[in-house]
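# Analysis of the macromolecular model
Each chain is listed here by its residues.
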Amino acid sequence: MGARSDGARTMTRLPLALTMGDPAGIGPEITAGAWHALREGGTVFAWLGDPACLPASLPVKEIETIEQAASVFSSALPVLPLSLSAPVRAGVPDSANAQTVIDSIARAVGLAKAGVAGGVVTNPISKAVLRRAGFPHPGHTEFLAELCHVPGREVMMLASPMLRVVPVTIHVSLREALDTLSEDMIVETGLTTALALKQDFGFERPRLAVAGLNPHAGEDGMMGREEIDMIIPAIERLRAKGVEVTGPMPPDTMFTESARQKYDAALCMYHDQALIPIKTLDMAHGVNVTLGLPIVRTSPDHGTAFDIAGKGIAEATSLVAALRLASVLSENRLNHKEGLLS
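Residues numbered from 1 in each chain as written. Predicted model: local features only at pLDDT ≥ 70, side-chain atom pairs only at ≥ 80, totals over all residues. Heavy atoms only, no water.

### A look at the overall build of the chain
- A tally of regular secondary structure across the chain gives 11 helices and 12 strands.
- Across the 342 residues in the chain, those meeting the buried criterion constitute 53%.
- Considering only intrachain contacts with a sequence separation of at least 6, the fraction spanning at least 24 residues in the chain is 75%.
- Accessible area of the chain: about 14700 Å², with a carbon and sulfur share of 51%.
- In the chain, the 29 positive side-chain charges and the 37 negative ones have mean positions that sit 4 Å from each other. (Helix = DSSP H or I, 4+ residues; strand = E, 2+ residues; numbered from the N terminus. Buried < 20%, exposed > 50% of the residue type's maximum accessible area, 1.4 Å probe, protein only. Contact = heavy atoms within 4.5 Å. Areas by Shrake-Rupley, 256 points an atom, 1.4 Å probe, with all protein chains shown as cover. Lys, Arg positive; Asp, Glu negative; His and termini not counted. Charge placed at Lys NZ, Arg CZ, Asp CG, Glu CD.)

Right, dumping it as structure tokens:
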């Protein structure tokens, strides 16, 4: 289920911009782990943050421009330095440092938009910490969409080698999800997903599977009419626009091993319908990918983990997967723009 690049010419990969995340969380530790895991490979990144919060044993090299990252990456973590306002205590978040966290994200996006970074990979942030400092956005994704001047067009995908899922409604209560879900939302999310599968993941003819909302996908209206009144019309509109779509599929059977071989991404109606199967199947390698942006953005599929920060036990597996996937998506997008991916 990995991103494909069949027949594509390899192009020079730009370094990735990795944000600081909350400095009191596991971000500094997993950044160090990711550098150790990738220093010998083809994925290069620069970290945007305060070097003082990185592990003392980590070799660090401050750089002035992200273009310098490749020349130092094999021997030290390249850092584009930003200063924190308050000392960092692992596991103890401080809103005094929120502005630097925000600045790290904004600078990373600026580098990607300028074409000098291949994409943005974001370390975990604490929404509560940022909110106490006046941050108006629900999270990373909405802020990124605003920085890219495409608010409302962002779509969240969770991707792993075993499964890709896209929830149509995301960070709202289940009741609100049922109230806001619409035919237009399903169509717009499906079109954004199909385009991303083609230009970023390298699928020539992307295949979408659409989940039903109700048990047994409504059982012909016996268990709810949303499939008949909303989901099937959305599927028909997607097909009319040239998207290969299957569904609505019963959510309790569409994630089996045999079913997953028949589609490239599953379009789900609400948050947990999408995230429970992928986190159950492949939590360690799950990557959050934001679709619908003019830049590539990925992030690890976990939070700040303040409870284990500073204990030296945080696993960098998901961040490594996010960095590797961002590098592939960036290369595929360049190939697509050059006409090397159809």
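### Some details on the environment of glutamate 64
- Mapped onto the elements, glutamate 64 comes out in the loop between β3 (60-62) and α2 (69-72).
- On the basis of relative accessible area, glutamate 64 is assigned to the exposed category, the value being 67%.
- C-alpha separation for the pair glutamate 64 and proline 81, spaced 17 residues apart in sequence, amounts to 8.4 Å.
- Filtering out sequence-adjacent residues up to four positions away, glutamate 64 remains in contact with Leu80 and Arg107.

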